[in-house]
Amino acid sequence: MRMTVIGTGYVGVVHAACMADIGHDVLGVDIDEERIAALTAGHAPIYEPGLNALLARTVKSGRLRFSTSTTEATRFARLHFVCVGTPQVPGGEAADIRHVDAAVDGMAPHLQPGSLIVGKSTVPVGTTARLAARLRAVAPHSEIAWNPEFLREGFAVADTRRPERIVVGVESRRAEATLRAIYKPMLISGVPFFSTDPATAELVKVASNAFLATKISFINAMAEVCDATGADVVTLAEAVGQDSRIGHRFLQPGLGFGGSCFPKDIRAFAARAEELGVGDTMAFLHQVDEINTRQRRRTVDLARNLVGGSFTDRHIAVLGAAFKPESDDVRDSPALDVAAAIRRLGAEVRVHDPEAVDNARRKYPGLQYTLDVPKACEDADLVLHLTAWPEYREISPAELGPVVRSRKILDARDTLDAASWQSAGWTLSALGRPRISGAYAA
Ligand code: UDX
């Protein structure tokens, strides 16, 4: 089937390549000429396992092409996926859906009769209905549906190839049939398919993200209770997660969530709920957000205490800059937020990250960066573990000991093996683990 993918950001580029890979004829469209030139040469604009190979393969096969022209898009196909960004509005909490509106409005007058626009961006509930009304006025023989995307960074290709569910919000049997046909290879392999109204489809996405963010903030709230009571949040999370109704995933305590989705999506959902008159019901999302950002402040405060109450003239080593492991993305990164705050408070901060250093440097040029863990830790008064890259669990505390000025480490991700650090002479502190941190006298 022929289709276009409008917007070649994270979701768009992965969707376009995966659709071409399962045999569709795909035109990726973006206004960014540089990006289109790179994509045409088969280069992925982001670090994502498997994406470069997939792009190279599908571009070479001729099933995936790129263009900057909307007119070419509407000439090329009658099926258009809209994958443009929906950031937070500047200075506000709501979602900025300007790019979605512009993509639809740009295509509408040129659509071939019988076209189907399928939105994949995360949007406030009600967006499809609003756009459908606009489309009817300009292109009465075309329609719009919503098909949210659930991919995780770092697993984008795998998640798109084998999603846990496909959700489509449609207004007609014809739109449903088209989407079933598109996703046929996935449906044959047993992926659950939900065909529903557009509002439900839009809500499935925001509800999923809100639930996961709530789960993380819940365990981080429990970490604070642990700090006040001498309990241990890691053991607590393991035992609580053993209940199959709760589960272990997204119950990892620590510095909290960041990235381009959770923080903005829960804020946008709360803002939309207010508009809809159900703000009180969703008010807990403000609390989820506040608990999340409080972990960053708690980490800064704890770090300051560990270096004697002031950061002036202190060297702080930071392990991790990406918002999560296996990613080079630093958008709303809790780790960089903490690193920058500590620098503002007077410390010299040296940051290590295996993948995100270039992106981090562009965002926070005032911090120092290195690709070498011992170099980051040289003469450090304190080491901060802020992103849970697996390789940080492989560090030898005994070998790192002689490098630092003071053998102190703050594990703000609660994933390091406390005993091995302590037996190598380190003082290890961790969020929600007061006994291990030596901060609880029974
Ligand atoms: C998320 C959703 O998972 C995905 O379905 C949606 O499409 C986009 O948003 P992503 O932002 O890639 O994906 O990251 P994810 O792996 O979900 O992690 C989000 C944040 O939560 C990260 O900062 C991570 O470090 C943090 N996290 C995750 C925790 O702090 N604790 C956990 O237990 C799990």
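Rules and cut-offs
- Residues numbered from 1 in each chain as written.
- Predicted model: local features only at pLDDT ≥ 70, side-chain atom pairs only at ≥ 80, totals over all residues.
- Axes fitted to C-alpha atoms, helices over the stretch in contact; angles between N-to-C directions.
- Helix = DSSP H or I, 4+ residues; strand = E, 2+ residues; numbered from the N terminus.
- Parallel < 35°, antiparallel > 145°, perpendicular 65-115°, else oblique.
- Left-handed = near helix turned anticlockwise from the far one by under 90°.
- Contact = placed C-beta atoms within 7 Å.
- Nonpolar A, V, L, I, M, F, W, Y, C, P; charged D, E, K, R; others polar.
- Near = placed C-beta within 6 Å.
- Domains from an automatic or database assignment.
- pLDDT = per-residue confidence, 0-100.
- Buried ≥ 20, exposed ≤ 12 C-beta atoms within 10 Å, placed from the backbone.
- UniProt positions renumbered as here; feature names shortened; annotations may be inferred.
- Pairing = 2+ DSSP bridges.

*Asks:* Just checking my understanding: could you explain the packing of helix α13 (residues 284–306) against helix α14 (residues 334–344) for this structure?
*Replies:* The description of two packed helices rests on the angle between their axes and on the distance between the axes. Packing of α13 against α14 leaves a shortest axis separation of 10 Å and a crossing angle of 45°. Between α13 and α14, the angle falls in the class oblique. Relative to α14, the crossing made by α13 is right-handed. Listed contacts from α14 to R296, T299, V300 and A303 of α13 are P334, D337, V338, A341 and I342. Looking at the contact of α13 with α14 residue by residue, the classes come out as six nonpolar, one polar and two charged.

*Asks:* For this particular structure, what's the right way to read the site of the ligand?
*Replies:* Around the ligand lies a shell of 19 residues, among which E153, Q252, F257, C261 and K324 are the nearest. Its residues placed into classes, the shell around the ligand shows ten nonpolar, six polar and three charged. The two domains that each donate at least three residues to the shell around the ligand are domain 1 (2–196) and domain 2 (213–430).

*Asks:* So what exactly am I meant to see when it comes to the confidence of the model for the protein here?
*Replies:* Regions with low pLDDT should not have their predicted coordinates read in detail. The share of residues in the protein with pLDDT of 70 or more is 100%, and the mean pLDDT across the chain is 97. Quick note on the complex model: pTM equals 0.96, ipTM equals 0.95.

*Asks:* Just checking my understanding: could you explain α14 for this structure?
*Replies:* Think of an α-helix as turning once every 3.6 residues; residues three or four places apart then point the same way. Along α14, the residues classified as buried are P334, A335, L336, D337, V338, A339 and I342. Its buried side turned inward, α14 meets α13, β9 (315–319), β10 (348–352), α15 (357–363) and β12 (382–385). Downstream of α14 by one or two residues, G346 has phi in the positive range, about 115°.

*Asks:* Please clarify how the UniProt feature "domain: UDP-glucose/GDP-mannose dehydrogenase C-terminal" (unreviewed entry) in the protein should be interpreted in this entry.
*Replies:* Under the UniProt annotation, the feature "domain: UDP-glucose/GDP-mannose dehydrogenase C-terminal" (unreviewed entry) is placed at residues 317–418. With 27% helix and 19% strand, residues 317–418 has its two end C-alpha atoms placed 18 Å apart.

*Asks:* Just to check I follow, could you spell out the domain arrangement of the protein for this structure?
*Replies:* In many reports, interface size means the accessible area that the parts give up when they come together. Partitioning the protein into structural domains gives domain 1 (2–196) and domain 2 (213–430). Taking the mean C-alpha position of each, domain 1 and domain 2 sit 34 Å from one another. Each side of the interface is counted separately: domain 1 has eleven residues, and domain 2 has 13 residues. Split by residue class, the side of domain 1 that touches domain 2 holds six nonpolar, three polar and two charged.

*Asks:* Please clarify how unusual backbone geometry should be interpreted in this entry.
*Replies:* For residues besides glycine, phi is generally negative; the peptide bonds are generally trans as well. Backbone geometry at F250 places phi at a positive 60°, although glycine is not the residue there. One can find F250 in the loop between α11 (233–241) and α12 (262–275). Its 15 C-beta neighbours within 10 Å are what place F250 among the partly exposed residues. Even without glycine at this site, D379 takes up a positive phi of about 60°.

*Asks:* Would you take a moment to explain the sheet that holds strand β13 (residues 408–411) for this structure?
*Replies:* Reading across the sheet, the six strands line up as β11-β10-β9-β12-β13-β14 and stay open at both edges, with parallel pairing between neighbours. Every other strand in the sheet has two partners, leaving β11 (368–370) and β14 (427–430) as the edge strands with one partner each. Averaged over all pairs of adjacent strands, the angle between strand axes in this sheet comes to 20°, irrespective of strand direction. Sheet topology places β9 next to β12; four bridges connect them, and they run parallel. Following the sheet pairing, A317 is matched in β12 by V383. Most of the contacts of α13 go to β13, to which it runs at about 165°, and overall it touches β9, β12, β13 and β14. In the packing of α14 onto the sheet, contacts are made with β9, β10 and β12, and the angle to β10 comes to roughly 160°.

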